[in-house]
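Summary of the model geometry
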Amino acid sequence: MAFTLTVLGSNSAIPTIKRFASAHVLNIHERFFLIDCSEGTQIRLRTEGVKFMHLNHVFISHLHGDHFFGLFGLLSTFSLLGRKQALNIYADARLKPMLDAVLYMHEIAYEIVFNPLNFKEPQVILDSNTFSVTSFPLKHRLPCCGFLFKEKPKQVNIRKDAIVKYNLNVKEIVSIKNGSDLVLESGEIIPNSELTIPGQTPVSYAYCSDTQYLESIIPILKDVDLLYHEATFTAKDEKLAKSTGHSTAEQAAKIAKAANVGKLIIGHFSSRYKNNDGMEAEARKVFENTFAVKDGDKFVIGK
Ligand SMILES: [Zn+2]
Ligand SMILES: [Zn+2]
């Protein structure tokens, strides 16, 4: 099954009529993961038809308002809708007292499990049987993390014709699925590769916002299927990008190329530019498979 990413907001700093600020929602096998939560995110979730009760994990990259001001309203709405299941929040530890202060009057009826981020080194922050989430430090004006969502390698499938041909029992099937060869009564060895079909290739998605050009993240992003990298400015404003802790479209593409990613999507655009065609063209000169996102864009990763 696929990962599906929906861009809820693609602007930087200020929400506009056409563009909300940063928020993405990732569907991993019908489990939904919210990445950043700008003002108005709960409205965007409704517009995109995401069921609130399917959201159990929220990742906040950093504490600039365009990445988390929507969280308070969303948490309050969850409570008003009768939410009972716990909600996991992954964020800068300094968010915790803010949540406590704001939610103090709201009688939140569900547990909030707060997971402070590590801004010094990469860290696995969520690990399940089928995928993991790793946070990794970015370079911005405030402590900031990117997030890597990575599916785990899938088990091989056993060939149906092999089951019939060798009359395999359950114990033999389990053993072959775990990598063993088959030894026949005659002593002949049938190699595992003749008995199995490789599992589907695991897929991955990485979110990098906000950050200035940062080559240290390239190894973490190596070969990801889909990379979102902020591109607040165009190359002619590179100095401004550096001084404000942001990247240009060209720099995002350089990172994508060096990391050999499958597809690059760029966003977090400054509203100083009339449209983002220039951003996409600039990035494509370095990395062809680049798309400048709009709110509502969807990307299916894998099959
Ligand atoms: Zn931002
Ligand atoms: Zn920021």
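In what follows, the accompanying structure is described. (Residues numbered from 1 in each chain as written. Chains lettered and ligands numbered in written order. Predicted model: local features only at pLDDT ≥ 70, side-chain atom pairs only at ≥ 80, totals over all residues. Heavy atoms only, no water.)

Turning our attention to the coordination of the zinc ion (ligand 1). Looking at the zinc ion (ligand 1), the protein donor atoms are D66 (OD), H67 (NE2), D210 (OD) and H268 (NE2), and they sit 2.1 to 2.2 Å from it. Between the four donor atoms coordinating the zinc ion (ligand 1), the angles at the centre fall across 92 to 166°, so the site counts as irregular. Separating the zinc ion (ligand 1) from the zinc ion (ligand 2) is a distance of 3.5 Å, and D210 supplies a donor atom to each of them. Among the residues examined, D66 registers a relative accessible area of 12% and is labelled buried. (Donors = N, O, S within 2.8 Å, 3.2 Å for Na, K, Ca; no water. Tetrahedral: all angles 85-135°; square planar, octahedral: opposite > 155°, others 65-115°. Buried < 20%, exposed > 50% of the residue type's maximum accessible area, 1.4 Å probe, protein only.)

Glancing now at the nonpolar core. Of all hydrophobic cores here, the largest spans 30 residues; its most connected members are I217, L221, L227, L264 and I266. Those elements giving two or more residues to this core turn out to be β14 (204-208), α8 (218-221), α10 (249-259), β16 (263-267) and α11 (277-286). Sort the elements by how many residues they give to this core and α10 lands first, with six residues. Among all residues touching L227, those that are not within four sequence positions of it are A206, C208, L221, I255, A256, V261, K263, L264 and I265. If you look at the next biggest cluster of nonpolar residues, it comprises 27 residues, including L8, A23, L55 and F72. (Core = buried A, V, L, I, M, F, W, Y, C linked by side-chain atoms within 4.5 Å. Helix = DSSP H or I, 4+ residues; strand = E, 2+ residues; numbered from the N terminus. Contact = heavy atoms within 4.5 Å.)

Right, let's get into the pattern of salt bridges. Considering all chains together, one arrives at 10 salt bridges under this definition. The shortest N-O distance in the salt bridge between E48 and R44 comes to 2.9 Å. Judged by its relative accessible area of 7%, R44 falls in the buried class. Note that D161 is salt-bridged to R159, the shortest N-O span being 3.2 Å. Under the relative-accessibility criterion, D161 is labelled partly exposed at 45%. With relative accessibility at 32%, the residue R159 sits in the partly exposed group. By sharing partners, the salt bridges in this structure join R44, E48 and K298 into a single network. (Salt bridge = Lys/Arg side-chain N within 4 Å of Asp/Glu carboxyl O.)

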